[in-house]
Amino acid sequence: MALGRNKTLGLGAVFAVIVGAAYFLSRPEPSLPLPEGSPASPSAPPVFAGRLQAPSGTLSGVAKPQPESTADDWPQRLREAQERLGNYKRFARYPPGSRPAREHPDQMTPFLPVVRQSPLILHGEANEDVRIQLGQDRRELVADEAAKLWVRCEDSQGKVLPCKVAQATAMPAPPSDSKLPPVSLSFSDDGQNGDERAQDGTLTTSFQPSLLGFRSFHGTMRVQVQLALGKEQGSALFDLLYTPTAPARFTGTVKESRADGSLQFVLGLSVQKAGRYFVVGRVDDQKERQIGYLQWEGELAPGNQTVSLTVFGKLIYDERPEFPLRLRDVEGFLFLEDSAPDRMHMPRLMGVVHKSQVYSVADFADTEWDGEMKRRYLDEYSKDVERAEKRDPNLP
């Protein structure tokens, strides 16, 4: 579609496309999803929108005062109490750190490029005849890492429109008290510096904060782009979380072992900064079927350390994977309490990190997870059922 054929564009109005990949800032801190009505587990490294999330704090009380009930309320309360107890029993078959992949469908492919599409906004209304595509190959950067950013304009039929990047500027994202000045970037369509194909309508840049004077900055970096499409002007933005110095690095060594009826992957780390760390990995089987979402959290001191990601035995028994298992896409961060940003990322391990030996499902325990926290919840949920059965909210 040519610009001259677009009646809306012919009005000479200003369009605005404000699309970003704002990440890990000013957000609530949800914990690992539990069945409806179940309290969150404080021991599980929580997640947010498919990404690692900071801990959610202390365990909330599991016994809450119940409102005064009439005789007609008790049958419903009994059904709800029985349902909560049954849901928690099913959920708590596996520990918080070793969950089925199906519980986390949006977290199993964390390193895919982020691509946003938005229609042209004209007088506050969307014009579906023109769409702006923004893409970035990663959402956080550590030390000397670089991100590829791209912009593309298309009509409603997918035909490329000749938009240009009139100006692009990198800066600390507001609000920020940083005094570092903005730095200009150049987007091009010449098949170089990360641009995959010359003159295909996709404008690309490589963004490396450490080379642009931002090595002393820790927080969200913003790339502000001014777009031009004919006489029309608009803007777009990209946000990336930048950690200037890695608090720890994966060494790349992985050892596996069978322990307590489960399979453990022990990862080596070189820790520079002590503190509370969170590590997450994903496990597929030989046929690339997603099996498990593995989590670890704990305190680490400086020096060479190890962390264990466990594929719980009953998870293996229930999922019946085809061995060998593949540990992949491992990431981690140091949690910074009462700080903004609240984490320092580690360089990630992308792709398959380790392939296990070939085992039989029978090599692992078909035993449900047990722990003090689980017993506490089961006790409280069972008491809720008993209260409803006896229609007595004052039972201890």
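Scroll up to find the structure this text is about.
A brief look at the structure comes next. (Residues numbered from 1 in each chain as written. Predicted model: local features only at pLDDT ≥ 70, side-chain atom pairs only at ≥ 80, totals over all residues. Heavy atoms only, no water.)

Quick word on the nonpolar core
If you look at the biggest cluster of nonpolar residues, it comprises 44 residues, and the most contacted ones within it are Phe-265, Leu-267, Val-311 and Leu-327. Counting residues per element, this core draws most heavily on strand S14 (residues 262-271), which supplies 5 residues. Residues within four places of Phe-265 in sequence aside, it is in contact with Val-254, Lys-255, Glu-256, Val-283, Leu-294, Val-307, Ser-308, Leu-309, Val-311, Leu-327, His-354 and Ser-356. Counting residues in hydrophobic clusters, the runner-up holds 28 residues, among them Leu-149, Cys-163, Val-165 and Val-225. (Core = buried A, V, L, I, M, F, W, Y, C linked by side-chain atoms within 4.5 Å. Buried < 20%, exposed > 50% of the residue type's maximum accessible area, 1.4 Å probe, protein only. Helix = DSSP H or I, 4+ residues; strand = E, 2+ residues; numbered from the N terminus. Contact = heavy atoms within 4.5 Å.)

Here we look at the sheet that holds strand S8 (residues 164-172)
Strands sit in the order S6-S12-S11-S8-S9 across an open sheet of 5 strands; the sheet is mixed. If you trace the sheet from one side to the other, it starts and ends with strand S6 (140-142) and strand S9 (183-184), each paired once. (Pairing = 2+ DSSP bridges.)

Side note on the environment of Arg-77
Structurally, Arg-77 is set in helix H1 (residues 74-91). For Arg-77, a relative accessible area of 15% gives the class buried.

Brief notes about the state of the cysteines
Evaluated as defined, the whole model comprises 1 disulfide. In this model Cys-153 forms its disulfide with Cys-163; the gap between the sulfur atoms is 2.2 Å. Judged by the sign of its S-S torsion, about 100°, the bond between Cys-153 and Cys-163 is right-handed. One end of the pair, Cys-153, is in strand S7 (residues 147-155); the other, Cys-163, is in the loop between S7 and S8, and 10 residues separate them in sequence. Owing to a relative accessible area of 8%, Cys-163 belongs among the buried residues under this scheme. (Disulfide = S-S within 2.5 Å.)

Brief notes about the packing of aromatic side chains
For the structure on display, the rule yields 9 aromatic pairs. A ring pair is formed by Tyr-88 and Phe-91, whose centres lie 6.4 Å apart and whose planes are at 35°; its orientation type is tilted. Within this pair, Tyr-88 and its partner Phe-91 are both found in helix H1, separated by 3 residues, close to a single helical turn. Look at Phe-91 and you get buried, because its relative accessible area is 12%. (Phe/Tyr/Trp six-rings, centres within 6.5 Å; stacked < 30°, edge-to-face > 60°.)

With respect to the pattern of salt bridges
A complete count under the given rule lists 25 salt bridges for this structure. Here Glu-145 ties to Arg-138 by a salt bridge, and the two come within 2.9 Å at their closest N and O atoms. For the residue pair Glu-145 and Arg-138, the accessibility class agrees, reading buried in each case. Asp-370 is the salt-bridge partner of Arg-375, the closest N and O atoms lying 2.9 Å from each other. In this structure, a network of salt bridges that share partners links the residues Arg-93, Lys-314, Asp-318 and Asp-366. (Salt bridge = Lys/Arg side-chain N within 4 Å of Asp/Glu carboxyl O.)

Considerations on unusual backbone geometry
In terms of backbone geometry, most residues other than glycine have negative phi values and most peptide bonds are trans. The amide bond that connects Pro-174 to the next residue, Pro-175, takes the cis arrangement and shows omega of -5°. By secondary structure assignment, the location of Pro-175 is in the loop between S8 and S9. A cis geometry characterises the amide bond from Phe-323 onward to Pro-324, with omega recorded as 5°. Inspection of the secondary structure assignment puts Pro-324 in the loop between helix H2 (313-319) and strand S18 (326-335). A positive phi angle, close to 55°, is found at Ala-143, a residue other than glycine.

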